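# Fold and contact review
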Amino acid sequence: MFSRPPYIQCPYCGENSFGINTICDNHYTRRCRICWRPSGSERFETYPLPPLNKHVIYLDQFVISKMMKCIASGSGNPIDAKYGEYWIELYDRLMVLRNGQMIVCPYSDVHMDESILSGDHAKLKRMYEFLAFDVAFKSLHMIERMQMSNHANWWIEGLGDLHYEFDPQSVMSGAINTWQTWYYFSFPRNWLLNSREEKREYRERVHEKLKGLFRRWQNDQRSTFDDWFKAESAGYGKIILAEFARYYGKLKDISISGGLPSPFEIETPLIIDFVNDVLRVFESHGLSGKGLCSKVLDYFHSPSLQDIPNNRISSMMWAAVAQKAAHGQKRPLNKGMRDDIRFISVTLPYCDAMFIDKECHALLKESPPSKEIEKYGTKLFSLNNKQEFMEYLANILTTASAKHMAALSEVYGESWKIPHKPNFAE
Ligand SMILES: [Zn+2]
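In this numbering scheme, every chain counts its residues from 1 along its sequence in written order. It should be noted that, the model being predicted, local features are given only for residues of pLDDT at least 70 and side-chain atom pairs only at 80 or more, the latter also being counted only at that level, while totals for whole chains, interfaces and linings use all residues.

### Examining the overall build of the chain
- Every helix listed is a DSSP run of H or I at least four residues long, and every strand listed is a run of E at least two residues long, numbered separately from the N terminus. Helix and strand counts for the chain stand at 15 helices and 10 strands.
- Referenced to the eigenvectors of the C-alpha coordinate spread, the extents of the chain come out at roughly 80 × 55 × 50 Å.
- A separation of at least 24 residues holds for 70% of the contacts in the chain among residues at least 6 apart in sequence. Whether two residues are in contact is decided by their C-beta atoms, placed from the backbone, lying within 7 Å.

Structural data, given as structure tokens:
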């Protein structure tokens, strides 16, 4: 329905008015803004666009929040005197690359969930949706299930090397490598969100537990990184089995008592999905009855669970935390640590680059986690190497192909180079 610049000569009326009509996937169409052709049954010619290979860049919530605050308050921002200019320049650079179809900064349910805790919820939402177009990570739970099913399949077959494809598109909703239409839509999404109070209360509870753990690590002078890694990674299967047993115990009690369960009592914990997935995988390999049950138990007790990518990365990060505590770190863990570690460990293999907080960055730079991360080729940035992130982004722009740059001018004119700001007033 639109006809936007840049215009070329119209093959119908001869005016310089044949503009861009639609852009989708890897092509676009044109229409005249004066004679409005093609119209009726006339066929739209499709013009091809070169294939894309966008860098997938994850921005931690704090990065989005800093940029949003600096932009919303104008350039003379009082919010972050130390890094204010950095955030504004970073935003401009990210926007130009996003407009130039070179990067995508997907958002996630963690962004949604964390922004709930902030008074600027609506502005933050606008900001990350603006940066992401309509590309978002599937829920962490879904990605964890995918990785476990893949692993369970390999484990039951007992053949060859464990192999994962870390195709970012497989963990995103919304297409990554598609030429975006010029105008911007905010796609409403339905997220399963906890209320602000629930979220806060949950975080406090987890944090209290972590503080106890941290004290234990501080006093542990005997364990090595490997001990902590093994304990942490074996915990994955144990927790799933324990939750599963607790859930079925509850169902059994209800059944024996003959009472009607309340909706709360029969609410199925998400963790049960893992057991059901593994059951399905094993059944598809011909197992049933007692044999199936004992194999499932073997599986969740198997040390091989440490090879599931998210379990491996998160166990290494926690072992690095324990190591720092044992080596005398006094500073307690920050409250977002657990969520950050979970998010990073699940999504890292699918990202080309991540801008994360300094503490997590430091954990991933420890050895052996740094060795593990090398396997995925994900570049890591934080405030500790913030200038390197700028260079990384600059490099993406300068290495774009001539064909790609020509296509940008063809469909967007020069305006893709303008880092538009979201309208926070809406
Ligand atoms: Zn025309």
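### Digging into the sheet that holds strand β6 (residues 103-104)
- With parallel pairing, the 4 strands of this open sheet are ordered in space as β6-β5-β9-β10. Of all strands in the sheet, those bounded by a partner on one side alone are β6 and β10 (379-381).
- At least two DSSP bridges between two strands are needed for those strands to be called paired. Inspection of the sheet shows strand β5 (residues 55-59) paired to strand β9 (residues 353-355) by 3 bridges, in the parallel sense. The residue of β9 that forms the bridge with tyrosine 58 is methionine 354.

### Comments concerning the packing of helix α8 (residues 272-283) against helix α9 (residues 289-301)
- What counts as an axis is a line fitted to C-alpha atoms, over the stretch in contact for a helix, and the angles between N-to-C directions run from 0 to 180 degrees. It is the contact of α8 with α9, at a shortest axis distance of 10 Å, that shows an interaxial angle of 125°. Classified by the angle between their axes, α8 and α9 sit oblique to one another. Considering only the axes of α8 and α9, their crossing is right-handed. Residue-level inspection shows Val275, Val278, Leu279, Phe282 and Glu283 of α8 in contact with α9, the latter providing Leu292, Lys295, Val296 and Tyr299.
- Residue classes follow a fixed rule: Ala, Val, Leu, Ile, Met, Phe, Trp, Tyr, Cys and Pro count as nonpolar, while Asp, Glu, Lys and Arg count as charged, and any other residue, Gly among them, counts as polar. Residue composition of the contact of α8 with α9, by class: 7 nonpolar, no polar and 2 charged. Angles are sorted into four bins: roughly parallel if under 35 degrees, roughly antiparallel if over 145, roughly perpendicular if 65 to 115, and oblique for all others. Handedness of a helix crossing follows the sense of rotation of the near helix relative to the far helix, less than a right angle counterclockwise being left-handed and clockwise being right-handed.

### Some remarks on the domain arrangement of the chain
- Here the bounds of each domain stem from an automatic or database domain assignment. By domain assignment, the chain separates into domain 1 (4-48) and domain 2 (53-401).
- Using C-alpha coordinates to define each centre, domain 1 is positioned 44 Å away from domain 2.
- With 6 residues of domain 1 in contact, the opposing surface of domain 2 contributes 5 residues.
- For the side of domain 1 that touches domain 2, the element with the most residues is strand β2 (residues 16-24), which contributes 3 residues.
- Split into classes, the residues belonging to the side of domain 1 that touches domain 2 amount to 2 nonpolar, 2 polar and 2 charged.

### Considering the sheet that holds strand β3 (residues 27-32)
- Pairing is antiparallel across the open sheet formed by 4 strands, whose spatial order is β1-β2-β3-β4. Each end of this open sheet is capped by a strand with a single partner; those strands are β1 (4-9) and β4 (46-48). Here the average twist between neighbouring strands, direction ignored, is 45°.
- As defined by bridge partners, β1 adjoins β2 across 3 bridges and the pair is classed as antiparallel. Residue pairing in the sheet places arginine 4 in a bridge with isoleucine 20 of β2.

### Structural notes on α8
- Taking 1.5 Å of rise per residue, the 12 residues of α8 would be expected to cover 16 Å, and the 17 Å separating its terminal C-alpha atoms lies within 8% of that figure.
- Along α8, the residues that are buried comprise Phe274, Val278, Val281 and Phe282. Within α8, the buried residues cover an arc of 95° as seen down the axis, which keeps them to one side. In this structure, α8 carries Asn276, Arg280 and Glu283 as exposed residues pointing more than 90 degrees from its buried face.
- Contact partners of the buried residues in α8: α5 (140-157), α7 (225-257) and α9. Multiplying 1.5 Å by the residue count of a helix minus one yields the expected span of that helix. Residues with at least 20 other C-beta atoms within 10 Å of their own are called buried, those with 12 or fewer are called exposed, and the rest are partly exposed. The C-beta atoms themselves are positioned from the backbone. In this context, the arc is that of the directions from the helix axis out to the C-beta atoms.

### As for unusual backbone geometry
- For the bond running from proline 5 to proline 6, omega is 5°, close enough to zero to count as cis.
- The residue proline 6 is located in strand β1 in this model.
- Put simply, serine 367 and proline 368 share a cis peptide bond, and its omega is 10°.
- With respect to the helices and strands, the residue proline 368 is situated in the loop between α12 (358-365) and α13 (369-374).
- For aspartate 25, which is not glycine, the phi dihedral falls at a positive 45°.
- Residues other than glycine seldom take positive phi values, yet glutamine 101 does so here, at roughly 60°.
- With respect to the secondary-structure elements, glutamine 101 resides in the loop between α2 (84-99) and β6.

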